[in-house]
Amino acid sequence: AQSVTQPDIHITVSEGASLELRCNYSYGATPYLFWYVQSPGQGLQLLLKYFSGDTLVQGIKGFEAEFKRSQSSFNLRKPSVHWSDAAEYFCAVLNSGGSNYKLTFGKGTLLTVNP
Amino acid sequence: DAGVIQSPRHEVTEMGQEVTLRCKPISGHDYLFWYRQTMMRGLELLIYFNNNVPIDDSGMPEDRFSAKMPNASFSTLKIQPSEPRDSAVYFCEQPQHFGDGTRLSIL
């Protein structure tokens, strides 16, 4: 069965610093991978996704993620963090086959941004 | 396109009461998912539908939980009777589009 691990429960960075959030997945086939962001009291918003092709994926809000098959990773990055980026971030892998279409989420990483 | 709309946004009720959560999906999508989010267990998939048909309800915690999708424009998640441990945020999702959730508190 597929699984997603986000090793960091909570990360604190200073505004303007670079950011990398880690995500490792376990999936037998070529994975479809996603990063979502959740602000307090709101639903999840899709930041970016990887289905195939270029392993460096650009998303909204200046985020990008790199798919590394050899490391089973899909880490999220941003070169300069803004205070408004403070939120919880979820990595997810899609199980798609036959009539199946299920997302498996990691436990999330809470990002705090210091002024 | 208004996105996935959930109602109510917040519900507080006493244990033993019936609770009905509603989801109005975006038209043109075949799949619809219900999730529950808690601090302890994170996001859990409860059930999902394809073309209004339940495909996998293995995540539904107990028989007290039931979900329906009578047509492509509407889905409900019902808890009867409700218990305090059902308190959580419940999300409806279509691929890559989440509703804002219903925050449920059972007293």
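A brief structural summary.

**Section: the overall build of chain A**
The secondary structure content of chain A amounts to zero helices and 12 strands. The helix and strand sequence of chain A, counted from the amino end, reads β-β-β-β-β-β-β-β-β-β-β-β. C-alpha extents for chain A along the principal axes are approximately 45 × 30 × 25 Å. Taking all 115 residues of chain A together, the buried fraction comes to 45%. Put simply, of all contacts in chain A between residues at least 6 apart along the chain, 54% involve residues at least 24 apart. Total accessible area on chain A stands at roughly 5500 Å², and carbon and sulfur atoms take up 49% of it. Across chain A, the centroid of the 9 positively charged side chains sits 8 Å from that of the 8 negatively charged ones.

**A short note on the packing of aromatic side chains**
Residue and element names in this part refer to chain B. Inspection of the entire model under this criterion finds 18 aromatic pairs over all chains. Both rings, one in Phe91 and one in Phe98, keep their centres 6.1 Å apart while their planes meet at 80°; by these two values the pair is edge-to-face. Per residue, the accessibility class of Phe91 equals that of Phe98, and both read buried.

**Regarding the interface of chain B and chain A**
Contact residues are listed per partner, giving 19 residues for chain B and 18 residues for chain A. Both sides of the chain B and chain A interface together cover about 1500 Å² of buried area, and 53% of this is carbon and sulfur. Looking at the side of chain B facing chain A, the largest losses of area belong to Leu43, Gln96 and Phe98 of chain B, adding up to 36% of the total buried there. Our enumeration of links across chain B and chain A arrives at one salt bridge. The salt bridge partner of Lys102 of chain A is Asp56 of chain B, with a shortest N-O separation of 2.8 Å. Every element with two or more residues in the side of chain B that touches chain A is listed here: strand E4 (31-38), strand E5 (42-50), strand E6 (53-56) and strand E9 (88-94) of chain B. Examining the composition of the side of chain B that touches chain A, we find that four residues originate from one element, E4 of chain B, more than from any other. Split by residue class, the side of chain B that touches chain A holds 10 nonpolar, three polar and six charged.

**Examining the sheet that holds strand E1 (residues 5-7) of chain B**
Residue and element names in this part refer to chain B. Strand order in the open sheet formed by four strands is E1-E3-E8-E7, with antiparallel pairing between adjacent strands. Each end of this open sheet is capped by a strand with a single partner; those strands are E1 and strand E7 (65-71). On average, each strand axis in the sheet is tilted by 15° relative to the strand beside it, whichever way the strands run. Of the strand pairs in this sheet, E1 and strand E3 (residues 19-24) are connected by three bridges, and their pairing is antiparallel. Among the inter-strand pairings, Ile5 is bridged to a residue of E3, identified as Lys24.

**Some details on the nonpolar core**
One finds Leu19, Trp35, Leu47, Leu48, Phe74, Leu76 and Tyr89 of chain A to be the most contacted residues of the largest nonpolar core, which totals 26 residues. Those elements that provide at least two residues to this core are strand E2 (10-14), strand E3 (19-21), strand E5 (32-38), strand E6 (44-50), strand E8 (64-68), strand E9 (73-78), strand E10 (87-97) and strand E12 (109-114) of chain A. For this core, the leading source of residues is E10 of chain A, giving four residues. Of all hydrophobic cores here, the second largest spans 21 residues; its members include Val4, Ile26, Phe65 and Leu104 of chain B.

**Some words on the pattern of salt bridges**
Residue and element names in this part refer to chain B. Within the structure shown, the criterion is met by 14 salt bridges over all chains. With a shortest N-O distance of 4.0 Å, Arg9 and Asp100 are connected by a salt bridge. With Arg9 in the loop between E1 and strand E2 (10-13) and Asp100 in the loop between strand E10 (97-98) and strand E11 (102-106), the pair connects residues that are 91 residues apart, well separated along the chain. Judged by its relative accessible area of 35%, Arg9 falls in the partly exposed class. Of the residues examined, Asp100 reaches a relative accessible area of 39% and is grouped as partly exposed. Each member of the salt-bridge network shares a partner with another, and the members are Glu62, Arg64, Glu83, Arg85 and Asp86.

**A look at the pairing of E5 of chain A**
The buried count for E5 of chain A comes to six of seven residues, which makes it a mostly enclosed element. Counting the residues that bridge the hairpin from E5 of chain A to E6 of chain A gives five residues, and of these Gly41 of chain A lies at a positive phi of roughly 75°.

About the cut-offs
- Residues numbered from 1 in each chain as written.
- Chains lettered and ligands numbered in written order.
- Predicted model: local features only at pLDDT ≥ 70, side-chain atom pairs only at ≥ 80, totals over all residues.
- Heavy atoms only, no water.
- Helix = DSSP H or I, 4+ residues; strand = E, 2+ residues; numbered from the N terminus.
- Buried < 20%, exposed > 50% of the residue type's maximum accessible area, 1.4 Å probe, protein only.
- Contact = heavy atoms within 4.5 Å.
- Areas by Shrake-Rupley, 256 points an atom, 1.4 Å probe, with all protein chains shown as cover.
- Lys, Arg positive; Asp, Glu negative; His and termini not counted.
- Charge placed at Lys NZ, Arg CZ, Asp CG, Glu CD.
- Phe/Tyr/Trp six-rings, centres within 6.5 Å; stacked < 30°, edge-to-face > 60°.
- Buried area = accessible area lost by both parts, 1.4 Å probe.
- Salt bridge = Lys/Arg side-chain N within 4 Å of Asp/Glu carboxyl O.
- Nonpolar A, V, L, I, M, F, W, Y, C, P; charged D, E, K, R; others polar.
- Pairing = 2+ DSSP bridges.
- Axes fitted to C-alpha atoms, helices over the stretch in contact; angles between N-to-C directions.
- Core = buried A, V, L, I, M, F, W, Y, C linked by side-chain atoms within 4.5 Å.

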